Structures are given as structure tokens and as C-alpha cells.
Amino acid sequence: WQEGKYTLKQDTVYIEGFRGQISTYLIRNHVLDTLTLLRHGRIEKLYNRRLEYDPDLKFDKIILETKGCYGNCPEFVLTIHNDGKVNFRGIRNAKYIGEKEFKMERQNLHKIDTLFKWSFITRLDTSEFYGAVDGWAMDITFYYNRNNVRTVKGTSMEMPFRLKRIVGRLTNDLRVSGLI
């Protein structure tokens, strides 16, 4: 990303770079954590690096339920409890079909907990479908702080930025363990 002095005029950002060269970006969209810009026909997304860390967020349980896609995406239900207990149910296109219970390693559980604290979950629009027609469909439900529940629905590549790392970590751990 280009750095330098910038000027904002209506829907355009002008950035003065090295040796005074001016670059122009058209603002396509701005939401709480993402600025979408257009330059030379190419979309660039910038994410707020001062994501709101909430040390009071404590997940009780996370359920990741994946569904189909136009290919052979694994379908499964994964439930993680805050004590590290994990339930996996492979449904279709997974390497393991059926029920499996195991304990998540403490360091992985800590990483998920930390990512959750950065998730901005209380401000995400759960009425929105964050997805593409041809993507790997999934729902992720967070039970947290003893009496709160939020479900975000979408596809893997279009999930809100702050949830992508949680989804990515969970699915990668399942791949490494040979379940999907």
C-alpha cells in the first residue's frame, strides 16, 4: 500500500507519494472496518488495523457448520467448547465421516480465544449473508459471555474480515488432523 500525505475530496483520495507523485483512488465503499478503493479498474480493500480488542469477550462454544459448494467441499459440523473439548461430525466429502470427539491443544485454543476477542462480534451485522453463489457455504455461531449468541452466515472467502482468521484456523487444523 502506498504511504504519504493524502487529501480527501468527496469520494476521492489523493496520495502524494515519493518525489511528489500523486496517486488517485476512488472510494467505492466504506464500512466500519473496511475501506474499498478503486484504482485503474482494480479494487483494493484496506482494513482498520486498530481493530477493537475486547478483553471481556469470552467464548463458551463455537459451532462451525459447513455446507456444500459447486465442487467437493467438505461438509461437517465442528463444535469447540471453551475447555478445549471438540466434537466433529463429518457429513460429506470429508476424510472422516461420522462422529469424533477430541481435545484441542491448549495453544490452539488460546489462539482461537484471542482471535475471538478481536472479532468485533457484537458489531457485525448478522442479518447479512456474507457470501458468493459459488462459494463454500458455512455458518459460524458464537456462544459467548454466558448468555449471548450470534450466527454469521456466508461463504468461506466472503466472511467478514475479522472472522476469516478464525474460520481459516479451524479448517486448517481439521486438514492437518486429517478430518477434512
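Keep in mind it's a predicted model, so treat the numbers as computed, not measured.

K.L.:
Quick question: what am I supposed to make of helix α2 (residues 161-176) here?
P.N.:
Given 3.6 residues per helical turn, the α-helix brings residues three or four places apart onto the same face. Compared with an ideal rise of 1.5 Å per residue, which puts 16 residues at 22 Å, α2 spans 23 Å between its outermost C-alpha atoms and is within 8% of the ideal. Regarding α2, the residues found buried are R162, L163, I166, V167, L170, T171 and L174. All buried residues of α2 project into a common sector of 150° when viewed along the axis, lining one side. Away from its buried face by more than 90 degrees, α2 exposes R165 and V176. Just downstream of α2 lies G178, where phi reads positive at about 80°.

K.L.:
I keep staring at the sheet that holds strand β11 (residues 137-144) and nothing clicks. Help me out?
P.N.:
Within a sheet, each strand pairs with its neighbour through backbone hydrogen bonds, oriented either parallel or antiparallel. One open sheet accounts for seven strands, arranged β9-β8-β7-β6-β11-β12-β10; its pairing is mixed. Edge positions in the sheet fall to β9 (98-103) and β10 (129-130), since each has one partner strand and no second. The strands touched by helix α1 (residues 106-117) within the sheet are β6 (59-66), β7 (75-81) and β11, with β6 carrying the most contacts at an inclination of about 90°. Running at roughly 105° to β11, α2 makes contact with β6, β7, β8 (85-92), β11 and β12 (148-155) of the sheet.

K.L.:
How do you make sense of the environment of K95 when you look at a structure like this?
P.N.:
The residue K95 is located in the loop between β8 and β9 in this model. With sequence-adjacent residues up to four places away left out, K95 is seen in contact with G178, L179 and I180.

K.L.:
Is there a simple way to think about the environment of R19 in this case?
P.N.:
In this structure, R19 sits in the loop between β2 (12-16) and β3 (22-31). Taking the relative accessible area as the measure of exposure, R19 reaches 76% and is therefore exposed. The sequence separation of R19 and N29 amounts to ten residues, and the corresponding C-alpha distance is 29 Å.

K.L.:
Whenever I open this one, the side chain of S23 confuses me. Can you help?
P.N.:
Note that S23 resides in strand β3. Since its relative accessible area comes to 3%, S23 is described here as buried. Among the polar contacts made by the side chain of S23, one reaches the side chain of R39 at a distance of 3.3 Å.

K.L.:
I keep staring at the pattern of salt bridges and nothing clicks. Help me out?
P.N.:
Two side chains of opposite charge can pair, provided their charged atoms sit close to one another. If you walk through the whole model with that rule in mind, you get five salt bridges. Across the pair K117 and D113 runs a salt bridge whose closest N-O atoms are separated by 3.6 Å. Linking K117 with D113, this pair stays in helix α1, spanning four residues, or about one helical turn. For the pair K117 and D113, a shared accessibility class is recorded, and that class is buried. Because the salt bridges share partners, they merge into one network encompassing K67, D139 and K153.

K.L.:
Whenever I open this one, the nonpolar core confuses me. Can you help?
P.N.:
In globular proteins that are soluble, nonpolar side chains generally tend to be buried together. Ranked by internal contacts, the top residues of the largest apolar core, which has 33 residues, are L78, I140, F142 and L170. Among the secondary structure elements, those contributing two or more residues to this core are β6, β7, β8, α1, β11 and α2. For this core, the element with the highest residue contribution is α2, accounting for five residues. Once residues within four sequence positions are removed from consideration, L170 is found in contact with I62, L64, L78, I80, M104, I112 and I140.

K.L.:
Help me understand the pairing of β11, please; the structure alone is not making it clear to me.
P.N.:
Moving residue by residue along a regular strand, the side chains alternate between the two faces of the sheet. With seven of eight residues buried, β11 is to be regarded as a mostly interior element. As paired elements, β6 and β11 share seven bridges and run antiparallel to each other. Bridged to I63 within β11 is T141. Strand direction decides the pairing type here: β11 and β12, joined by eight bridges, are antiparallel. Bridge pairing in β12 places T141 opposite T151.

The rules behind each value
- Residues numbered from 1 in each chain as written.
- Predicted model: local features only at pLDDT ≥ 70, side-chain atom pairs only at ≥ 80, totals over all residues.
- Heavy atoms only, no water.
- Helix = DSSP H or I, 4+ residues; strand = E, 2+ residues; numbered from the N terminus.
- Expected span 1.5 Å × (residues − 1).
- Buried < 20%, exposed > 50% of the residue type's maximum accessible area, 1.4 Å probe, protein only.
- Arc of directions from axis to C-beta.
- Pairing = 2+ DSSP bridges.
- Contact = heavy atoms within 4.5 Å.
- Axes fitted to C-alpha atoms, helices over the stretch in contact; angles between N-to-C directions.
- Polar contact = N/O pair within 3.5 Å; in protein donor to acceptor, adjacent residues only side chain to side chain.
- Salt bridge = Lys/Arg side-chain N within 4 Å of Asp/Glu carboxyl O.
- Core = buried A, V, L, I, M, F, W, Y, C linked by side-chain atoms within 4.5 Å.

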